[in-house]
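Listed below, chain by chain, are the residues.
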Amino acid sequence: MASIQDRWRRKDPVTGRLVPTAQDGKGLRYRPQFRDPSGRQVAKSFALKRDAQRWLDEQTAHVARGTYVDPGAGRITFAEFYANWSERQVWAPGTVLAMRLAANSVPFADVPLRSLRRSHVEGWVKGMVNRGLAPGTVHTRMNNVRAVLRGAVADKLIPIDPSVGVALPRRRRPQAAMTLPTAAQVGAVLDAADPAFRPFVALCAFAGLRLGEAAGLRVEDIDFLRRTLTVARQVQRAGRGQVEVRPPKYGSERVVFLAPGLVDMLAAHVAAQSRDRGWMFTGEGDQPPHQNTVGHRWRTATAAAGVSGLRLHDLRHFYASGLIATGCDVVTVQRALGHSSATTTLSTYSHLWPSAEDRTRAAAQAMLVESCGPEVDRSRTGER
């Protein structure tokens, strides 16, 4: 039971009056105490009774809500907790590297969790900004470190996440940060690409595949009769020039409906291979191509085409913009790109969909043409 002990006074059992104890005048007078969820008794001393009562009310409320944190917890440092916590997480190899990079970048690695303050996190963010790190990189590292701190909160080592509310640099808007290739640029790169690499570029531009997904494509993943392609795996770096084949990103398993021209290009590529290796594209030996190999081939093709500043991933944006331009809805685009949710699709490509103003103008113009005849359109475009 929770209670507050008066260390200086006790009630006389005979008279009922308060009389001094042996501790009268020594130390702090009031000692509130309660039992934590594990049954251990917790106590603390205060000079004033109102402060003792306030502390006791707060602690018992935390116990009742299930948010109680042992005052003695949190002695472990950030680095020590991360080392233990990360061993229990189910992560892909790429996530392991990203989390390790973020955790190793913090200047408060040796600070006990219970001593970690928002100011520590703010100083770390400011340091990254001063070093010129891109806003997207800062956001990614913050999200990774925040996952560690939330793990500490879940383990009841700290009561709250000290990173909550920390201001981050503004990221560029999608329409400003995104590079959309033109059809002419895509055609020029295709013409300039090595014949064996041309179908790889086409898969990214006309099927929206990510680099790793295209590299991990096998011949049996393509149904040439039904003109479909199944994304069932991806290729990622494994260090020292090696590759690792594993399932695609969460939610990215999908069936892509292929354009007839793309099917013909892929069929010709398969027919031109000297022997059946299983993989649509190969790198060293019989292995799928490494990202560095693909990157070299891409840079060679863009240089030959005279196209600069274009990434292979920009072809995925080209594909998405084409679907949107032809009237595909959000869910259709989401499924074609293998996004885990429609929210991801909207946050990336919402600026490409026609706005309410665009639809209103188009609808009004259609009614005007229907009412007044096609001459209205001709006069608007200067035709006679």
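Computed from a predicted model, the values in this text were never measured in an experiment.

Visitor: Sorry if this is basic, but what is going on with the layout of surface pockets here?
Guide: If you roll a probe as big as a water molecule over the atoms, it shows you where there is empty space left. Taken as a whole, the largest pocket encloses approximately 1,700 Å³ of empty space. Lining the largest pocket are 47 residues, with Gly136, Thr140, Lys249, Arg311 and His313 positioned closest to its centre. Put simply, the parts of the chain that give the lining of the largest pocket at least two residues each are helix H3 (93-105), helix H5 (135-154), helix H6 (174-177), strand E8 (234-239), strand E9 (242-246), helix H12 (314-325) and helix H14 (342-349). The element best represented in the lining of the largest pocket is H3, accounting for 9 residues.

Visitor: Sorry, what's going on with the sheet that holds strand E7 (residues 228-231) here?
Guide: Two modes of strand pairing occur in sheets, parallel and antiparallel, and in both the strands are linked by backbone hydrogen bonds. An order of E6-E7-E10 is seen for the 3 strands of this open sheet, with the pairing classed as antiparallel. Looking along the sheet, the strands with just one partner apiece sit at the ends: strand E6 (222-223) and strand E10 (254-257). Here E7 pairs with E10 via 4 bridges, running antiparallel. Each bridged residue has a counterpart across the sheet, and for Thr228 the counterpart in E10 is Phe257.

Visitor: How should the packing of aromatic side chains be read in this particular structure?
Guide: One pair of aromatic rings is described through two measures. These are the centre distance and the angle between the planes. Under the counting rule described, the total for this entry stands at 10 aromatic pairs. Relative to Trp91, the ring of Trp85 has its centre 5.5 Å away and its plane inclined at 70°; by these criteria the two rings are edge-to-face. Residue Trp85 is classed as buried on the basis of its relative accessible area of 8%. What makes Trp91 partly exposed here is its relative accessible area of 24%. Note on Phe206 and Phe318: the rings are 6.3 Å apart at their centroids and 70° apart in plane angle, and the pair reads as edge-to-face. One end of the pair, Phe206, is in helix H8 (residues 198-206); the other, Phe318, is in helix H12, and 112 residues separate them in sequence. Residue classification places Phe206 among the partly exposed residues on the basis of a relative accessible area of 32%. Pairwise contacts between aromatic rings join Phe81, Tyr82, Trp85 and Trp91 into one cluster. The ring of Trp279 is capped by Arg218, whose NZ or CZ atom sits 4.4 Å from the centre of that ring.

Visitor: Can you walk me through the environment of His139 in this structure?
Guide: Note on placement: His139 falls in helix H5. Since its relative accessible area comes to 14%, His139 is described here as buried. When the C-alpha atoms of His139 and Val125 are compared, they prove to be 9.2 Å apart, with 14 residues separating the residues in sequence. Among residues more than four places away in sequence, those in contact with His139 are Leu168, Pro169 and Arg171.

Visitor: Help me out: how do you make sense of the UniProt feature "domain: Core-binding (CB)" (unreviewed entry) in the protein in this one?
Guide: What UniProt calls "domain: Core-binding (CB)" (unreviewed entry) maps, in this numbering, to residues 76-153. From the first C-alpha to the last, residues 76-153 spans 13 Å; its make-up is 69% helix and 0% strand.

Visitor: Mind showing me how you'd approach the environment of Pro32 here?
Guide: Within the secondary structure, Pro32 sits in strand E4 (residues 30-35). Taking the relative accessible area as the measure of exposure, Pro32 reaches 0% and is therefore buried. Remark: the alpha-carbon pair of Pro32 and Gly208, spanning 176 residues in sequence, is separated by 64 Å. Other than its neighbours up to four places away in sequence, Pro32 contacts Ser3, Ile4, Val42, Ala43, Lys44, Phe46, Ala52, Trp55 and Leu56.

Visitor: What am I meant to see in the packing of helix H7 (residues 183-192) against H8 here?
Guide: Helices that pack against each other are described as a pair by the angle of their axes relative to one another and the distance between those axes. It is at 9 Å that the axes of H7 and H8 come closest, and there the two elements cross at 160°. Relative to H8, the element H7 is oriented roughly antiparallel. H8 is crossed by H7, and the crossing has left-handed handedness. Contacts between H7 and H8 involve Val186, Val189, Leu190 and Asp191 from the first element and Arg198, Val201, Ala202, Ala205 and Phe206 from the second. Here the contact of H7 with H8 is composed, by residue class, of 7 nonpolar, no polar and 2 charged.

Visitor: Before we go on, may I ask you to explain the side chain of Asp314 in this structure?
Guide: The residue Asp314 is located in helix H12 in this model. From its side chain, Asp314 meets the backbone nitrogen of Arg311 in a polar contact 2.8 Å long. Residues in contact with Asp314, not counting those within four places in the same chain, are Thr179, Pro181 and Gly309.

Visitor: Would you explain the nonpolar core in this entry?
Guide: Nonpolar side chains tend toward joint burial in soluble globular proteins. Counting residues in hydrophobic clusters, the biggest one holds 47 residues, and the most contacted among them are Phe200, Leu203, Leu229 and Leu258. Taken together, the elements giving at least two residues each to this core come down to H7, H8, helix H9 (211-215), E7, helix H10 (260-272), helix H11 (291-305), H12 and helix H13 (330-337). The contact partners of Phe200, leaving out residues within four places of it in the chain, are Leu211, Ala214, Ala215, Phe281, Val294 and Leu312. Counting residues in each nonpolar core, the second largest holds 27 residues, with Trp85, Phe108, Val145 and Leu149 among its members.

Visitor: Sorry, what's going on with unusual backbone geometry here?
Guide: With the exception of glycine, most residues fall at negative phi, and the peptide bonds are largely trans. The backbone of Lys156 sits at a positive phi, close to 60°, despite the residue not being glycine. Residue position: Lys156 is located in the loop between H5 and H6. For Lys156, a relative accessible area of 39% puts it in the partly exposed group. In the Ramachandran plot, Arg227 falls in the positive-phi region, its phi being about 55° despite a non-glycine side chain. Along the chain, Arg227 falls in the loop between E6 and E7. Overall, Arg227 belongs to the partly exposed group, its relative accessible area being 40%.

Calculation notes
Residues numbered from 1 in each chain as written. Predicted model: local features only at pLDDT ≥ 70, side-chain atom pairs only at ≥ 80, totals over all residues. Heavy atoms only, no water. 1 Å grid on protein atoms, 1.4 Å probe; cavity = no way out; pocket = protein on both sides within 12 Å on 5 of 7 lines; lining within 4 Å. Points joined across faces, edges and corners; volume = space filled by probe spheres on them. Helix = DSSP H or I, 4+ residues; strand = E, 2+ residues; numbered from the N terminus. Pairing = 2+ DSSP bridges. Phe/Tyr/Trp six-rings, centres within 6.5 Å; stacked < 30°, edge-to-face > 60°. Buried < 20%, exposed > 50% of the residue type's maximum accessible area, 1.4 Å probe, protein only. Lys NZ or Arg CZ within 6 Å of the ring centre and 35° of its normal. Contact = heavy atoms within 4.5 Å. UniProt positions renumbered as here; feature names shortened; annotations may be inferred. Axes fitted to C-alpha atoms, helices over the stretch in contact; angles between N-to-C directions. Parallel < 35°, antiparallel > 145°, perpendicular 65-115°, else oblique. Left-handed = near helix turned anticlockwise from the far one by under 90°. Nonpolar A, V, L, I, M, F, W, Y, C, P; charged D, E, K, R; others polar. Polar contact = N/O pair within 3.5 Å; in protein donor to acceptor, adjacent residues only side chain to side chain. Core = buried A, V, L, I, M, F, W, Y, C linked by side-chain atoms within 4.5 Å.

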